[in-house]
Amino acid sequence: MQIGIIGAGSIGTILARRLARAGHDVSVANSRAPETVNAAALSTGATAVWAADAAAAAGVVIVSVNLGQIPSVADLVAAAPADAVIIDTSNYFPHRDGVIEGLGQGQTESLWVQRQYRRPLVKAWNTITTASFADRSTEPGTPGRIALPVAADDDRQRAVGMELVEQTGFTAFDAGVIADSWRQQPGTPAYTTDLTVEELPAALAKADAHAAARRRDLMIQIYDERTQTEGSLPGPDFQLALTRALF
Ligand SMILES: NC(=O)c1ccc[n+]([C@@H]2O[C@H](COP(=O)([O-])OP(=O)(O)OC[C@H]3O[C@@H](n4cnc5c(N)ncnc54)[C@H](OP(=O)(O)O)[C@@H]3O)[C@@H](O)[C@H]2O)c1
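The structure presented is a predicted model; accordingly, all values stated were derived computationally and were not measured.

(A) A look at the site of the ligand. In the vicinity of the ligand there are 26 residues, among which Ile11, Ser31, Arg32, Val65 and Ser72 approach most closely. Within the contact set of the ligand, a nitrogen atom lies 2.9 Å away from a side-chain nitrogen or oxygen of Ser72. With the chains in place, 81% of the 910 Å² that the ligand exposes on its own is no longer accessible. Contributing elements (two or more residues each) for the shell around the ligand: helix H1 (10–21) and helix H3 (70–78). Counted by class, the shell around the ligand contains 9 nonpolar, 15 polar and 2 charged residues.

This is how it looks when you write it as structure tokens:
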């Protein structure tokens, strides 16, 4: 497939590497010129391009920018080929993205994102931390393999998203429609808890929309408190223990 990735940060870099290694024709862009895209993103064959070019020629456009930056890419995504599948990895964190009216108290973030893009999307890869994404991918059939929820309204588009999630080293779980994708947002039991496909359905079912925003903010407070106490960012084990402890 021709895949354009907008966003070459923590998640976009790993996506570019994995999907190029899987044999796709991958273009990747950040907010600046192609020569500023980090070398790690290009190490398995992806090509650095301008963001407009990443969206323009692709059969699949993956957007991996902070949610507050989505308005800056919305027109590019809206102009992608009509049959392109749009996949979005974003999560809303008010302390980082700013306060957005109608978001953040349990509302469905991807409905807001869809309105920005003016087209349907697939929500995927939003529930895995950079550390687990980088280090905990496995082959299908590996015991304890991490499963990632994939939501979309269109069955064909969701199937494309699920196929690509599998190719990045995780079991893809059909999480239904976008209106239900609040069940995989920050502060829910499925968010960055590295669950297996056996564990994930119960976690999605247990999500509580109103508690999610409170727990997300609590998670950030504890993370920041620990960072200040230690004088450095907590490691991945702390992050996983923290999200699991919330449930
Ligand atoms: N980090 C995680 O553990 C994690 C896990 C799952 C999901 N997510 C979600 O995935 C998204 C990306 O996260 P991240 O941690 O990878 O972010 P990041 O490291 O901050 O990277 C963001 C990328 O977006 C690019 N960007 C911003 N505006 C752009 C524009 N107008 N055109 C093109 N590129 C643009 C930035 O380009 P420049 O380099 O030029 O600024 C940067 O490459 C976020 O919504 C996040 O919540 C993150």
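(B) Just the nonpolar core, in detail. In this structure, Ile6, Val63, Leu67, Ile86 and Tyr117 are the most contacted members of the largest nonpolar core, which totals 34 residues. Listed by contribution, the elements that provide at least two residues to this core are helix H2 (51–56), strand E4 (60–63), H3, helix H5 (109–117), strand E7 (147–152) and helix H8 (200–206). The greatest single-element share of this core, amounting to 4 residues, is contributed by H3. Leave out the neighbours within four places in its chain, and Tyr117 touches Val63, Ile70, Val73, Ala74, Val77, Ala78, Ile86 and Asp88.

(C) Summary view of the pattern of salt bridges. Scanning the entire structure with this criterion turns up 7 salt bridges. Salt-bridge contacts for Asp75 lead to Arg118; the nearest nitrogen and oxygen are separated by 3.1 Å. Of this pair, Asp75 sits in helix H3 while Arg118 sits in the loop between H5 and strand E6 (122–123); the two residues are 43 residues apart in sequence, bridging distant segments of the chain. Grouping residues by exposure puts Asp75 and Arg118 together as exposed.

(D) Fine view of the packing of aromatic side chains. According to the stated counting rule, one finds 2 aromatic pairs in the structure shown. Considering the side-chain rings of Phe93 and Tyr191, the 6.4 Å spacing of their centres and the 55° angle between planes classify their relative orientation as tilted. Of this pair, Phe93 sits in the loop between strand E5 (85–88) and helix H4 (94–97) while Tyr191 sits in the loop between strand E8 (171–174) and H8, and the two are 98 residues apart along the sequence. Between the aromatic rings of Phe133 and Phe170, the centroid separation amounts to 5.7 Å while the plane-to-plane angle is 40°, which identifies the pairing as tilted. Taken together, the residues span a long stretch of sequence, with Phe133 in helix H6 (residues 130–135) and Phe170 in the loop between helix H7 (155–167) and E8 at a distance of 37 residues. For Phe133, a relative accessible area of 0% puts it in the buried group. Just above the ring of Phe133 sits the side chain of Arg18; from NZ or CZ to the centre is 5.4 Å.

(E) Main features of unusual backbone geometry. Of note in the backbone geometry, Trp125 takes a positive phi value of approximately 60° without being a glycine. Examined against the element boundaries, Trp125 turns out to sit in the loop between E6 and H6. Judged by its relative accessible area of 1%, Trp125 falls in the buried class. Within the chain, Asp194 stands out as a residue other than glycine whose phi angle is a positive 55°. Classification of Asp194 by relative accessible area gives buried; the value is 7%.

(F) Summary view of H7. Its 13 residues place the ends of H7 18 Å apart at the C-alpha level, agreeing with the 18 Å of an ideal helix rising 1.5 Å per residue. Turning to H7, its buried residues are Gln157, Arg158, Val160, Gly161, Leu164 and Val165. All buried residues of H7 project into a common sector of 155° when viewed along the axis, lining one side. The distance from a side-chain oxygen at the start of H7 to the backbone nitrogen of Arg156 is 2.9 Å, and the residue carrying that oxygen is Asp154. Where H7 terminates, the next one or two residues include Gly169, which has phi positive at roughly 105°.

Conventions adopted
- The numbers attached to residues start from 1 for each chain and follow its sequence in the written order.
- Predicted model: local features are reported for residues with pLDDT of at least 70 only, side-chain atom pairs are reported and counted for 80 or more only, and whole-chain, interface and lining totals are derived from all residues.
- Excluded from the side-chain calculation are hydrogens and water; included are all heavy atoms of the structure.
- Put simply, a residue is near a molecule or strand once any heavy atom of it comes within 4 Å of that molecule or strand.
- Polar contacts, as used here, are pairs of N or O atoms within 3.5 Å; protein pairs need one atom able to donate a hydrogen and one able to accept it. Residues neighboring in sequence count only if both atoms are side-chain atoms.
- Per-residue and other accessible areas were derived by the Shrake-Rupley procedure at a 1.4 Å probe size, with only the shown protein chains allowed to occlude residues.
- In this text, helices come from DSSP runs of H or I with a minimum length of four residues, and strands from runs of E with a minimum of two, each type numbered from the N-terminal end.
- Amino acids outside the nonpolar list (Ala, Val, Leu, Ile, Met, Phe, Trp, Tyr, Cys, Pro) and the charged list (Asp, Glu, Lys, Arg) are all regarded as polar, and Gly is one of them.
- Remark: nonpolar core denotes a set of buried residues (Ala, Val, Leu, Ile, Met, Phe, Trp, Tyr, Cys) joined through side-chain atoms within 4.5 Å.
- Remark: exposure states derive from per-residue accessible area (1.4 Å probe, protein chains only) relative to the maximum for the residue type, with buried under 20%, exposed over 50%, and partly exposed in between.
- Here, residues are in contact when the closest pair of their heavy atoms is within 4.5 Å.
- In the sections that follow, a salt bridge refers to a side-chain nitrogen of Lys or Arg positioned within 4 Å of a carboxyl oxygen of Asp or Glu.
- Here is the rule: rings of Phe, Tyr and Trp (six-membered ring for Trp) pair when centre to centre is within 6.5 Å. Planes less than 30 degrees apart are stacked, more than 60 are edge-to-face, and the remainder are tilted.
- For a ring to carry a charge above it, either NZ of a lysine or CZ of an arginine must fall within 6 Å of the ring centroid while also lying within 35 degrees of the normal to the ring plane.
- Given a helix with a known number of residues, its expected span is that number minus one, times 1.5 Å.
- The directions considered for the arc run from the helix axis to the C-beta atoms.

All quantities given are derived from atomic positions and should not be read as evidence of function.
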